[in-house]
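Structural description and commentary
Here is what each chain is made of, one letter per residue.
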Amino acid sequence: MISVLIADDHGIVRSGLRMLIERQPDMQVVAEAEDGVRALESTQEHRPTVAVLDVSMPRMTGLQAAREIRSHVPDTRVLMLSMHDDERYFLEGLEAGAAGYVLKRAADKDLIDAVRTVAGGRTFLSDDAQKALMDEWLKGGSTEVDDGLTPRELEVVKLIAEAYTNKQIAETLKLSEKTVESHRTNVFGKLGMRDRVEIVRYAIRRGLVEP
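Description of the structure in this document.

Reading the values: rules and limits
- Numbers given to residues run from 1 along each chain, matching the order in which its sequence is written.
- Given that the model is predicted, a residue must reach a pLDDT of at least 70 before its local features are reported, and side-chain atom pairs must reach 80 or more before they are shown or counted; all residues, however, enter totals for whole chains, interfaces and linings.
- Side-chain measures were taken over the full set of non-hydrogen atoms in the model, leaving aside hydrogen atoms and water.
- Every helix listed is a DSSP run of H or I at least four residues long, and every strand listed is a run of E at least two residues long, numbered separately from the N terminus.
- The classification of residues rests on relative accessible area computed with a 1.4 Å probe and restricted to protein chains. Under 20% of the type maximum is buried, over 50% is exposed, and intermediate values are partly exposed.
- Residue contacts follow a heavy-atom distance rule, with two residues in contact if any of their heavy atoms lie within 4.5 Å.
- The term salt bridge refers to a pairing of a side-chain nitrogen on Lys or Arg with a carboxyl oxygen on Asp or Glu at a separation within 4 Å.
- Two strands qualify as a pair provided DSSP detects at least 2 bridges between them.
- Residue types Ala, Val, Leu, Ile, Met, Phe, Trp, Tyr and Cys, when buried and joined through side-chain atoms within 4.5 Å, form a set referred to as a nonpolar core.

As a further point, take the side chain of Glu 155. Checked against the element boundaries, Glu 155 lands in helix 7 (residues 151-161). Classification of Glu 155 by relative accessible area gives buried; the value is 3%. If we ignore the near neighbours within four places in the chain, the residues touching Glu 155 are Met 60, Gln 64, Glu 68 and Leu 173.

Before going further, it helps to spend a moment on the pattern of salt bridges. Within this structure, the stated rule accounts for 13 salt bridges. One salt bridge in this structure joins Glu 41 and Arg 38, with 2.8 Å as the shortest N-O distance. In this pair, Glu 41 and Arg 38 both sit in helix 2 (residues 36-46), 3 residues apart, roughly one turn of the helix. Among the ionic pairs, Arg 152 bridges to Glu 155, the shortest N-O distance being 2.6 Å. Taken as a pair, Arg 152 and Glu 155 lie in helix 7 at a separation of 3 residues, close to a single helical turn.

We now examine the sheet that holds strand 6 (residues 124-125). Ordered by their spatial adjacency, 6 strands build an open sheet running 2-1-3-4-5-6, and the pairing between neighbours is parallel. Two strands in the sheet have a free side with no partner beyond their single neighbour: strand 2 (27-33) and strand 6. Across 6 bridges, the pairing between strand 1 (residues 2-7) and strand 2 is parallel. Looking at the pairing, Val 4 lines up with Val 29 of strand 2.

All right, on to the nonpolar core then. If you look at the biggest cluster of nonpolar residues, it comprises 45 residues, and the most contacted ones within it are Leu 53, Met 80, Val 157 and Ile 199. For this core, the element with the highest residue contribution is helix 7, accounting for 6 residues. Counting residues in each nonpolar core, the second largest holds 21 residues, with Ala 107, Leu 111, Ala 114 and Phe 124 among its members.

Moving on: unusual backbone geometry. Phi is positive for Arg 47, close to 50°, though the residue is something other than glycine. Positioned with a positive phi, Lys 174 is a non-glycine residue whose angle comes to about 60°. Here Lys 174 is to be found in the loop between helix 8 (166-173) and helix 9 (177-191).

This is the structure we're talking about:
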């Protein structure tokens, strides 16, 4: 039996995905999560075969959660789900350790195949994702943003943009407030920014939060 965790900040999306998955005789949804932090916690608790993560979620993005899940629960395969067909998200998802990428608009036809594929130890990319990746390789371009921020600093950036206090950030990331303050100082220094408004604009450009 393939056990699945579904993480999306929209309840109606989670319900739709659950219906799709539980129609399959060899699949079972063992947990749901409404943000990236809960997705990580639930994955650690239930250790599903596959974690289906929305790219854009509160507190911790799907990309950030994917990186943490691959680090802490390596046996769980991660499948990204997104409304974005920008090749940057495909590549960042793969770099974060995801084994597959499905566009929400194609979930009704691709999701089940994708879950089975990644559960079997293979990689799944939708036709649109494969085309975008091929286009990017042919252009010889790079999707990396050279801002010098570490994955942990990007997590802090997201939470600052979402108006979390240092204390709340510390509780969310399980860090000390002193460590959070140090990360905050480093972030503002590396980005050359002075206030939260600039951080919010940066976070939107990086796809860490939705505008």
